[in-house]
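Fold and geometry: a report
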Amino acid sequence: GLTAGILLVELLLRLFVPISISPYRFDPRLGSRLRPNTTFWDAEGRQWVRTSSQGWRDREHARDKPAGVYRLAVIGDSYAEAAQVRLEETFWFRLEQLLNAGRNPDQPRVEVLNFGIAGHGTVQEWQTLKEEVLPWQPDLVLLACLPANDVRNNSASLEPERSRPFAKLVPSEDRSGLHLELEYPVDPMPSGSWLAWKDQLVRSSRILALIY
């Protein structure tokens, strides 16, 4: 009877009570990224948000650029991820519609891909460009920068949140100048740790998520 009651409560919570479970996971290069094929509740926008199979807040796209397509990639933070609004209301979705509505028949069709991840600074967006965006063969990359915190996010001296890569200028080996050197983040929940076990338990049960 106790087991049946727990299962019933678990089912009711999954069906009727939106419980916010973080859709983000640690990434050793980017610091954080969205989990693929994940549906999560955004409390600010009061809506369910779905990530793509590649782990982006976007529609599904073919990795190989189709013929006759001009591909534009958007990189940014929460303003680009835009979980607070419907997909059709995001600025990059509307940008694609506006550009295609105004094009001539002999011009290529515009396809806009979103690579925004909440909380990212420009060092993370730089790494996103190199590691994730370039393989999609974009013709143009649009960086959405928020001056309020994007620059601070890049400095280990200014940024209190540590689970992100930082960049610093260091002298080159021949002392001829300076170059950027990256300091990559350490996993805050390494495999096998108590925090990793707790995270897995909370993700597997709506009851535990609600208690947590």
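The paragraphs below set out a description of the structure included in this document. Just so you know, these numbers come straight off a predicted model, no measurement behind them.

1. Some points on unusual backbone geometry
Although it is not a glycine, Arg-46 adopts a positive phi angle of roughly 50 degrees. Among the secondary structure elements, Arg-46 is positioned in the loop between β3 (39–42) and β4 (47–50). Overall, the relative accessible area of 64% leaves Arg-46 in the exposed class.

2. Focus on the environment of Gly-55
Tracing the chain through its elements places Gly-55 in the loop between β4 and β5 (69–75). The exposure class assigned to Gly-55 is buried, which follows from its relative accessible area of 0%. Spatially, the C-alpha atoms of Gly-55 and Ile-117 are 9.9 Å apart, while their sequence positions differ by 62 residues. Gly-55 has contacts with Leu-34, Arg-35 and Pro-36, leaving out every residue within four places of it along the chain.

3. A word on empty space enclosed by the protein
Counted by the stated rule, this structure contains 1 cavity of 30 Å³ or more. Of the volumes computed, that of the largest cavity is approximately 50 Å³. Ser-52, Gln-54, Trp-56, Asp-58, Arg-59, His-61, Leu-113, Asn-114, Phe-115 and Trp-136 together form the lining of the largest cavity. Partitioning the lining of the largest cavity into residue classes produces 4 nonpolar, 4 polar and 2 charged.

4. A short note on the sheet that holds strand β6 (residues 109–114)
Spatially, the 3 strands line up as an open sheet ordered β6-β5-β7, and their pairing is parallel. Every other strand in the sheet has two partners, leaving β6 and β7 (140–143) as the edge strands with one partner each. The sheet shows a mean angle of 25 degrees between the axes of neighbouring strands, direction not considered. Judged from the 6 bridges that link them, β5 and β6 form a sheet pairing that is parallel.

5. Notes on the layout of surface pockets
Think of a ball as big as a water molecule: rolled over the atoms, this probe shows where empty space is left. By volume, the largest pocket is sized at about 610 Å³. Forming the boundary of the largest pocket are 27 residues, of which Ser-22, Tyr-24, Arg-25, Met-189 and Arg-203 lie nearest the centre. Broken down by secondary-structure element, the contributors of at least two residues to the lining of the largest pocket are β1 (24–27), β2 (31–34) and α5 (194–204). Considering each element in turn, the lining of the largest pocket owes the most residues, 6 residues, to α5. For the lining of the largest pocket, a count of residues per class yields 10 nonpolar, 9 polar and 8 charged.

Rules of the game
Residues numbered from 1 in each chain as written. Predicted model: local features only at pLDDT ≥ 70, side-chain atom pairs only at ≥ 80, totals over all residues. Heavy atoms only, no water. Helix = DSSP H or I, 4+ residues; strand = E, 2+ residues; numbered from the N terminus. Buried < 20%, exposed > 50% of the residue type's maximum accessible area, 1.4 Å probe, protein only. Contact = heavy atoms within 4.5 Å. 1 Å grid on protein atoms, 1.4 Å probe; cavity = no way out; pocket = protein on both sides within 12 Å on 5 of 7 lines; lining within 4 Å. Points joined across faces, edges and corners; volume = space filled by probe spheres on them. Nonpolar A, V, L, I, M, F, W, Y, C, P; charged D, E, K, R; others polar. Pairing = 2+ DSSP bridges. Axes fitted to C-alpha atoms, helices over the stretch in contact; angles between N-to-C directions.

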